[in-house]
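Architecture at a glance
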Amino acid sequence: MRGMGNMQGMMKQMQKMQKKMAQAQEELGEKRIEGTAGGGMVIVTVSGHKEVLEVEIKEDVVDPEDIEMLQDLVLAATNDALKKADDLTNDTMGQFTKGMNLPGF
């Protein structure tokens, strides 16, 4: 019967960790991460859940003769913001999987 107590204790620990993970994921969604390009001429803000929230384009970078440059800057700023969001997610959620060899985490 000693093994049953250990199993119950493990289950309680797992439930506790699941609750903490859910809270961490919720907090990630509230984070705002900025990506920039062109020395801050284009700024893209995403949430920790990688939803684009804002795109800011400085007037100086808008050239009707060179739309491709503006498109490249928006793309670069978006990719920068998404990479930062991924890094933040890995740092935040990685604390729950350290030491465990879980596939996909």
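Quick summary incoming for the structure in this document. Keep in mind that this is a model prediction, so the values were computed, not measured.

**Brief notes about unusual backbone geometry**
Despite not being glycine, lysine 50 shows a phi value in the positive range, around 65 degrees. Secondary-structure assignment places lysine 50 in the loop between strand S2 (42-47) and strand S3 (52-57).

**Some details on the pairing of S3**
Pairing of S2 with S3, which is carried by five bridges, proceeds in the antiparallel orientation. From the neighbouring strand, valine 46 faces S3, where its bridge partner is valine 52. Remark: four residues form the turn of the hairpin made by S2 and S3, two consecutive strands paired antiparallel; lysine 50 in that turn has positive phi of roughly 65 degrees.

**A word on the nonpolar core**
Formed by Ile33, Ala37, Val42, Val44, Val46, Val61, Leu70, Leu73, Ala77, Ala81 and Ala85, the largest nonpolar core amounts to eleven residues. Secondary structure elements with two or more residues in this core: strand S1 (32-37), S2 and helix H2 (67-97). Counting residues per element, this core draws most heavily on H2, which supplies five residues. The residues contacting alanine 81, other than those within four sequence positions of it, are Ile33, Glu34, Gly35, Val44 and Val46. In this structure, Ala24, Leu28, Met93 and Phe96 belong to the second largest nonpolar core, which totals five residues.

What counts and what doesn't
Residues numbered from 1 in each chain as written. Predicted model: local features only at pLDDT ≥ 70, side-chain atom pairs only at ≥ 80, totals over all residues. Heavy atoms only, no water. Helix = DSSP H or I, 4+ residues; strand = E, 2+ residues; numbered from the N terminus. Pairing = 2+ DSSP bridges. Core = buried A, V, L, I, M, F, W, Y, C linked by side-chain atoms within 4.5 Å. Buried < 20%, exposed > 50% of the residue type's maximum accessible area, 1.4 Å probe, protein only. Contact = heavy atoms within 4.5 Å.

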